[in-house]
Protein chains: 2
Amino acid sequence: MKKYDVVIIGAGPAGIITGVTAKKQNPDKSILMIREEEKGLVPCGIPYIFNNLNSVDKNSMGPKAFIDLGGEVRTDPVIDVNINNKIVKVQSGEQFSFEKLVFATGSKAVVASFIPGYDLKNVFYIRKSYNYIDHLFNELKDKKNIIIVGGGFIGAEMAEQLAMNTDKNISLIESEKFCFSKAFSHTLSEIATEELEKSNVNVHTSTLIEEVLGENGLVDGVRLNNNKEIKADAVIFAVGYKPNVEVAIKSGLQTNTTGAIIVDNYGRTLEDNIYAVGDCSQTLGFLTGRSDYIMLASTATAEARILGYNLFGIKIKNSFAGTIGVFSTKINELAMAAAGLNEKNAIPSNIDFITSQFSAFDRHPASIKDSSSLTVKLYVSPSDGSILGGEVWGGDSAGEIINIIGLAIQKEITIYELISFQIGTHPLLTSAPTMPVIIKAAELALSKIKSLKN
Amino acid sequence: MKKYDVVIIGAGPAGIITGVTAKKQNPDKSILMIREEEKGLVPCGIPYIFNNLNSVDKNSMGPKAFIDLGGEVRTDPVIDVNINNKIVKVQSGEQFSFEKLVFATGSKAVVASFIPGYDLKNVFYIRKSYNYIDHLFNELKDKKNIIIVGGGFIGAEMAEQLAMNTDKNISLIESEKFCFSKAFSHTLSEIATEELEKSNVNVHTSTLIEEVLGENGLVDGVRLNNNKEIKADAVIFAVGYKPNVEVAIKSGLQTNTTGAIIVDNYGRTLEDNIYAVGDCSQTLGFLTGRSDYIMLASTATAEARILGYNLFGIKIKNSFAGTIGVFSTKINELAMAAAGLNEKNAIPSNIDFITSQFSAFDRHPASIKDSSSLTVKLYVSPSDGSILGGEVWGGDSAGEIINIIGLAIQKEITIYELISFQIGTHPLLTSAPTMPVIIKAAELALSKIKSLKN
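Figured I'd write up the structure that's included with this text. In this text the structure is predicted, and so the values were computed from the model without any measurement.

## Considering the overall build of chain A
At step 1: Across its full length, chain A carries twelve helices and 24 strands.
At step 2: Taking 2.2 N^0.38 as the reference for a compact globule, 454 residues should give roughly 22 Å; the C-alpha atoms of chain A span a radius of gyration of 23 Å, in line with that estimate.
At step 3: Per-residue burial for chain A yields a buried fraction of 57% across its 454 residues.
At step 4: Residue pairs at least 24 apart in sequence account for 66% of intrachain contacts in chain A once pairs closer than 6 positions are excluded.

Next comes the structure, spelled out in structure tokens:
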């Protein structure tokens, strides 16, 4: 039986970055990565396979950087882990012994077994599997009426992409009042939903699927809770993901209330030398320290970097105790992004906040060609003025401006500091120096806090 | 004689933001802003008047927000200030008395009196004056051969814009080896110069003007230090700006070695109740505390916000003791930006640094439509790993990524912290979560520091 210093289960973003980082730091350690399929996918790129990329292969991702550093990769699903004997067993029957083991098993699409008809032919999921998505890509080519259930990021983006430049009829069914409602504030989820409606997608919000309809085992529509029926050649469920932890649980690892493997700030499980990272591992909210559901490749890779550096002793401190959650997307030409707190998570957690909002153009003067509007909304602590959360929407630069806000949250920067924040501006690249969106929003928050205190 | 609580001299970005901020904080105070011309210009927008905007008026800027708040504006150049008697005198002869006075007089284009022929007809400058630029805009319409002297931001951007979609011959003369060499590192100023050469601009670097040539008082060319002559119908000098401090000096205010009015961190001059802000006021480098030449609208407005809040007592702390300088520009389709330290300012100041550089695409996967490359270069302190400076070039998001680096410098964030920096990523908006450019550059810097210590 071959023995490795480290075995990593999984070759998604968390597995790859853990492997690359650990191998770079410890070139003399033997590291094996075990994956389920030969090819991997960029998870957040999946919706774009269906239009922008128009190819599954263009969205593929693999552990090349890890292999280049001397890492080994095996394609053979792990079926069993023996923590006491430090042995991993794969489907083919082979076994590997390890000194340290990393679960980077990711998350898997929630199966809609609670909906009658969920098992009909042409009911699909948005699985993070190359082979599955390749199959889906081909299957959808000749389907005219497609229904997507679930208006979160993946569902909504998939609907938008499928509806672009096509004669297909795409419908999106969302149970909440607006799409994107898990990650975005009321304001932004409403804007995002309106934008989706402007695309070729038929958006049905505040709507539930009662049944997937079919004949001879084949999908032909859905019945909604308003008793309406919609015709469908394919139904795609995008109703969330859950940690992929079957093997981990079977091996005796403990999970938390959200079903994720319990780990500390350095990805260490309750068992010595056993680690977990990414979607399969516990996430704590940055303000509350409570278990949270954030599953993002960006968060996973941040955790993986920390784990990779610290697998053989804590060498680089983790600069965050809790996960902030920085989300972004683009529907039609509108980029939208959110970081940290909004009223959706603040109110249930009973966290005090005030908000402020400021809009300007993303170029200056506004008459510069290709100028778009840009809005920043800040969530600010009324006691100390620290930035708790923020949203940005408008032109593409929203995707990086949210990272300024993310950094401000992580470094506990206050609106009082932001007032004199030194920024760079340019007519062709940013808002005007007289109306830098984050700073102006900070000034409005300051006025609000001042008036509260008077 | 009318008396005001505050008189502000100047209606550029510094004057307007001081006025708006001060009036918002102190609605009961009477504030008068005195300007030289009826209309103002967005300073950094001036080059774009000549092509992108194709209009002077579209680049105009005025104190409307200040007036809306109840501020008063007078158009009448200030010719004299009596600090002891607290009186300002304008050209028409009228006088105003003040409680507090703010110099926001900006900077003015350096006149090329050191070059023979500088006073010929059709020698121009890039003055921050609406009337002058309006005149220049009209004058250049029928000029075919135009020479711009000075490859800093304004000169190079002006050259690029004038050369776009035109049959004019545009030449740019730069004394240094590369354009943009004051603000950008060797690496980036070389890249920027190559980009300029790809436009329709004839770029002459390492070249000096010996004489402006002419006949009958009219420009017809220039002679260079390599003895070559270039034909010209117009010559535009863009050889820098200097603080506009004549009235301030006459009034008895002290200036520093760079010719700017000496102020503290709150814009207070050495005289009670007399303030200076923006280009006319002293700038100190953020690391050295030495006098620096940074003149940017973004810096000026940051100073103006601090002054506006604190004119009647220090209420909001200034979060910076020195100016970082965040520069950005775009030539053709290449956005370029720099913040803080690079070898140009580090070596003369004897500041230790190491550099690291990382490139990726600004979308992911790289095959996403409209994906561009993106490079980040970091300047890092080898002793504590703090970020001292950075550069970003590639797609348009460089313009906001530099502000992440700017914030990192201001908050003294280290590469050790950046490793676990939580960011948001999206296929259509950012680099991949597996290769976030700033974090990857931080990792490379970390390896370098580690190898230095071994």
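## Some thoughts on the relation of the copies chain A and chain B
At step 1: Note on the identical chains: chain A maps onto chain B by a rotation of 180° and an axial translation of 0.0 Å, with an RMSD of 0.0 Å. Both copies of the chain, as the preceding transformation shows, are related through a two-fold rotation axis.
At step 2: An overlap of 100% is found between the interface residues of chain A and their copies at the interface of chain B, pointing to a shared contact surface.

## Observations regarding the nonpolar core
At step 1: Formed by 313 residues in total, the largest nonpolar core has its most connected members in V7(A), V235(A), I236(A), V7(B), V235(B) and I236(B).
At step 2: If we ignore the near neighbours within four places in the chain, the residues touching V235(B) are N122(B), V123(B), I147(B), V149(B), V212(B), V219(B) and V222(B).

## Observations concerning the interface of chain A and chain B
At step 1: The interface is formed by 69 residues belonging to chain A together with 69 residues belonging to chain B.
At step 2: Elements that contribute at least two residues to the side of chain A that touches chain B include exactly α1 (13–25), α8 (297–310), β20 (326–331), β21 (334–340), α10 (398–410) and α11 (415–418) of chain A.
At step 3: Among the elements that make up the side of chain A that touches chain B, the one with the highest residue count is α10(A) (nine residues).
At step 4: For the side of chain A that touches chain B, the residue count by class is 35 nonpolar, 25 polar and nine charged.

## Structural notes on helix α5 (residues 186–198) of chain B
All names here are of chain B.
At step 1: In this model, α5 (13 residues) spans 19 Å end to end at C-alpha, consistent with the 18 Å of a helix rising 1.5 Å per residue.
At step 2: Within α5, the full set of buried residues consists of L188, S189, I191, A192, T193, E195 and L196.
At step 3: At its buried positions, α5 is contacted by α4 (153–163), β12 (169–173), β13 (201–204), β20 (326–331), β21 (334–340) and β24 (387–394).

## Some remarks on the packing of helix α1 (residues 13–25) of chain B against helix α7 (residues 297–310) of chain B
Residues and elements named next belong to chain B.
At step 1: At a minimum axis distance of 8 Å, the contact between α1 and α7 shows a crossing angle of 25°. As the angle between them shows, α1 and α7 are arranged roughly parallel. Remark: the crossing between α1 and α7 carries right-handed chirality. For the pair α1 and α7, the contacting residues are P13, A14, I17, T18, V20, T21, A22 and Q25 in the first and A297, A300, T301, E303, A304, R305, L307, G308 and Y309 in the second.
At step 2: Partitioned by chemical class, the residues of the contact of α1 with α7 number ten nonpolar, five polar and two charged.

## So, α4(B)
All names here are of chain B.
At step 1: Most of α4 sits inside the fold, with eleven of its eleven residues counted as buried.
At step 2: Every buried residue belonging to α4 is among F153, I154, G155, A156, E157, M158, A159, E160, Q161, L162 and A163, and all of these are buried.
At step 3: In this structure, the buried residues of α4 make contact with β11 (145–149), β12, α5, β13, β17 (234–237) and β20.
At step 4: N165 sits one or two residues past α4 and shows a positive phi near 45°.

## Re the pairing of β21(B)
All names here are of chain B.
At step 1: Buried residues dominate β21, accounting for seven of its seven residues.
At step 2: Sheet topology places β20 next to β21; six bridges connect them, and they run antiparallel. Across the sheet, the residue bridging to V326 is A339, located in β21.
At step 3: Between β20 and the antiparallel strand that follows it, β21, lie two residues; N332 among them carries a positive phi value of about 55°.
At step 4: In the sheet, β21 pairs with β24 via six bridges, with the strands oriented antiparallel. Looking across to β24, one finds that G340 is bridged to G389.

## Quick look at the packing of α10(A) against helix α9 (residues 398–410) of chain B
At step 1: The geometry of α10(A) relative to α9(B) is characterised by a closest axis approach of 8 Å and an angle of 10° between their N-to-C directions. On the basis of the axis angle, α10(A) is roughly parallel to α9(B). For the element pair α10(A) and α9(B), the recorded crossing hand is left-handed. Within the contact between the two elements, α10(A) uses E400(A), I401(A), N403(A), I404(A) and L407(A) and α9(B) uses E400(B), I401(B), N403(B), I404(B) and L407(B).
At step 2: Each residue belonging to the contact of α10(A) with α9(B) can be placed in one class, and the counts come to six nonpolar, two polar and two charged.

## Considerations on the sheet that holds β17(B)
All names here are of chain B.
At step 1: The five strands lie next to each other as β10-β17-β11-β12-β13, forming an open sheet whose pairing is parallel. Each edge of the sheet is formed by a strand with only one pairing partner; in this case those strands are β10 (123–125) and β13. Each strand axis lies, on average, 20° off the axis of its neighbour in the sheet, ignoring direction.
At step 2: Judged from the five bridges that link them, β11 and β12 form a sheet pairing that is parallel.

Parameters and conventions
- Residues numbered from 1 in each chain as written.
- Chains lettered and ligands numbered in written order.
- Predicted model: local features only at pLDDT ≥ 70, side-chain atom pairs only at ≥ 80, totals over all residues.
- Helix = DSSP H or I, 4+ residues; strand = E, 2+ residues; numbered from the N terminus.
- Rg over C-alpha atoms; globule rule 2.2 N^0.38 Å.
- Buried ≥ 20, exposed ≤ 12 C-beta atoms within 10 Å, placed from the backbone.
- Contact = placed C-beta atoms within 7 Å.
- Least-squares fit on C-alpha atoms with pLDDT ≥ 70 in both.
- Core = buried A, V, L, I, M, F, W, Y, C linked by C-beta atoms within 7 Å.
- Nonpolar A, V, L, I, M, F, W, Y, C, P; charged D, E, K, R; others polar.
- Expected span 1.5 Å × (residues − 1).
- Axes fitted to C-alpha atoms, helices over the stretch in contact; angles between N-to-C directions.
- Parallel < 35°, antiparallel > 145°, perpendicular 65-115°, else oblique.
- Left-handed = near helix turned anticlockwise from the far one by under 90°.
- Pairing = 2+ DSSP bridges.

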